[in-house]
Amino acid sequence: MNTSEKLFERAQQLMPGGVNSPVRAFRSVGGTPFFTKRANGARLTTADDKELIDFVCTWGPAIHGHNDPDVRAAIAAALENGTSFGTPNPYEVEMAELITELVPSVEKVRMCNSGTEATMSAIRLARGYTGRDKIIKFAGCYHGHVDSLLVKAGSGALTLGNPDSAGIPASFAAETIVLDFNDVDALRQTFAAQGEQIAAIIVEPYPANCGLILPDPGFLQALRSICTEHTSVLIFDEVMTGYRLAAGGVQELVGITPDLTAMGKIIGGGLPVGALGGRAEIMDHLAPLGPVYQAGTLSGNPLAMAAGIASLQKLKALQPYERLEKMGQIIRDALVGAAKEKGLPIQVPQVGSMFAVFFTEHPVRNYGDATSGETQHFNKLFKYALDHGVYLPPSAYETCFISTAHEGNAIDQAADVLAAGIRAI
Ligand SMILES: *Cc1c(COP(=O)(O)O)cnc(C)c1O
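The following paragraphs examine the structure supplied in this document. Fair warning: this is a prediction, and the values are worked out from it, not measured in the lab. (Residues numbered from 1 in each chain as written. Predicted model: local features only at pLDDT ≥ 70, side-chain atom pairs only at ≥ 80, totals over all residues. Heavy atoms only, no water.)

### Description of the site of the ligand
Working step 1: Near the ligand you find Ser114, Gly115, Thr116, Tyr142, His143, Gly144, Glu204, Asn209, Asp237, Val239, Met240 and Lys265, and these make up its full shell.
Working step 2: Between the ligand and Thr116 there is a distance of 2.6 Å, counted from an oxygen atom to a side-chain nitrogen or oxygen.
Working step 3: Within the side chain of Asp237, a nitrogen or oxygen atom sits 2.7 Å from a nitrogen atom of the ligand.
Working step 4: Contact with the protein chains hides 83% of the accessible area of the ligand, taken as 380 Å² for the molecule alone.
Working step 5: Of the residues that constitute the shell around the ligand, the class distribution is 3 nonpolar, 6 polar and 3 charged. (Near = heavy atom within 4 Å. Polar contact = N/O pair within 3.5 Å; in protein donor to acceptor, adjacent residues only side chain to side chain. Areas by Shrake-Rupley, 256 points an atom, 1.4 Å probe, with all protein chains shown as cover. Nonpolar A, V, L, I, M, F, W, Y, C, P; charged D, E, K, R; others polar.)

What follows is the structure, given as structure tokens:
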């Protein structure tokens, strides 16, 4: 047994499935997960000293690559002053200024500790603000492990065959209406029937927890106009897409102003951070100004704020989005080219530094399309890549991420491995 296998044996005795987050367990792709002892730039080093080019990027946050020197220096500087104060600290003000500058729809912001906390609080705030109970989500979208949002959810829930989690009271799930992404007619019918009960629509504007799905032209605009018409709250869950596709997220790319935005991942620079922001008029319903309660012992933590601020400032200064887009295209072209040669049906939706691989003939517009692909092909590609030094997410339903540290050598090497992996299927 190698070191990872030994560690995993011990872990399985002590933690359910041997992990602290389910997709890490390799259940759908098979085999034993490797343990990482170090990560630098585009590469992970496993407990057995194997180097891997990483397309998981800690599930999104590492847009500058692992162990970025600027982010590390910011954390080290903050550490000199202590790790948590329990009072307001100056970093929180700087972070709020930076977020509201980069994301214009966000007039006020509340920091929390994860993306899940951000979406959970966004839903509560939308309900408290509107005085309504029902929410709409789309099949395959993942918004963290919030009770009322684990209904037809993507990410690990879908990977492990539990898109509707056990342990959620039917009465909670009954307040969640699940519709198909890209289906405007269903949305209009739902609002016509029960619009005055709908507090909010929550949506990943580019759903990226069910592979990667792109909106049809006009779909996101329709969400905006329907919410406005029915005075429901439009919540963009940009935990994954925020700061990754543009400094202002998908809302900047498509020119749509949501009422509330959930953020996470990149804003923590690799430490645990989430944030909820939006129109001041709505945000002021949060305690202590308003009746909607939300709190956190470690919210606005100085180390986490320092890491996040450094990460966002670097994005603001470098604006690396064109470079990232070019790398995304190199990977997509390599995958599509190799599949064409082989006569294998493939879809590689890609936008900027995000891409996914579906083995299906048809463009993927919704959950049904995404889950109709051949996942065994993905599992073979995953294994081939891992054996040849490239780490893809261990699930056919996750999005792959590229960092600025992949530029040059790593991206070219990975493109060759992935093309060879397709040929080997
Ligand atoms: C990752 C993710 C979440 C949950 O964030 P956590 O920090 O894991 O709680 C919510 N929404 C989206 C779109 C995500 O990708």
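Now that the structure is up, let's keep going.
### Overview of helix α12 (residues 321–342)
Working step 1: Under the 1.5 Å per step criterion, the end-to-end length of α12 is 32 Å for 22 residues, consistent within 8% with the ideal 32 Å.
Working step 2: Among all positions of α12, only Tyr321, Leu324, Met327, Gly328, Ile331, Ala334, Leu335, Ala338 and Ala339 are buried. What you see down the axis of α12 is that its buried residues fit within an arc of 155°, all on one side. Summarising the geometry of α12, the exposed residues directed more than 90 degrees from the buried face are Glu322, Lys326, Lys340 and Glu341.
Working step 3: Residues of α12 that are buried sit in contact with α11 (302–318), β11 (350–351), β12 (354–355), α14 (375–387) and α15 (409–423). (Helix = DSSP H or I, 4+ residues; strand = E, 2+ residues; numbered from the N terminus. Expected span 1.5 Å × (residues − 1). Buried < 20%, exposed > 50% of the residue type's maximum accessible area, 1.4 Å probe, protein only. Arc of directions from axis to C-beta. Contact = heavy atoms within 4.5 Å.)

### Some points on the pattern of salt bridges
Between side chains of opposite charge, a pair can form as their charged atoms come close.
Working step 1: The final tally for this structure, using the stated rule, is 13 salt bridges.
Working step 2: Close ionic contact of Glu51 with Arg43 constitutes a salt bridge, the shortest N to O distance being 4.0 Å.
Working step 3: Arg43 sits in the partly exposed class, given a relative accessible area of 23%.
Working step 4: Here Arg365 ties to Asp216 by a salt bridge, and the two come within 2.6 Å at their closest N and O atoms. Of this pair, Arg365 sits in the loop between β12 and α13 (367–370) while Asp216 sits in the loop between β7 (198–203) and α8 (219–229); the two residues are 149 residues apart in sequence, bridging distant segments of the chain.
Working step 5: The class for Asp216 is partly exposed, based on a relative accessible area of 25%. (Salt bridge = Lys/Arg side-chain N within 4 Å of Asp/Glu carboxyl O.)

So far we have only geometry, and geometry alone does not tell us how the molecule works.
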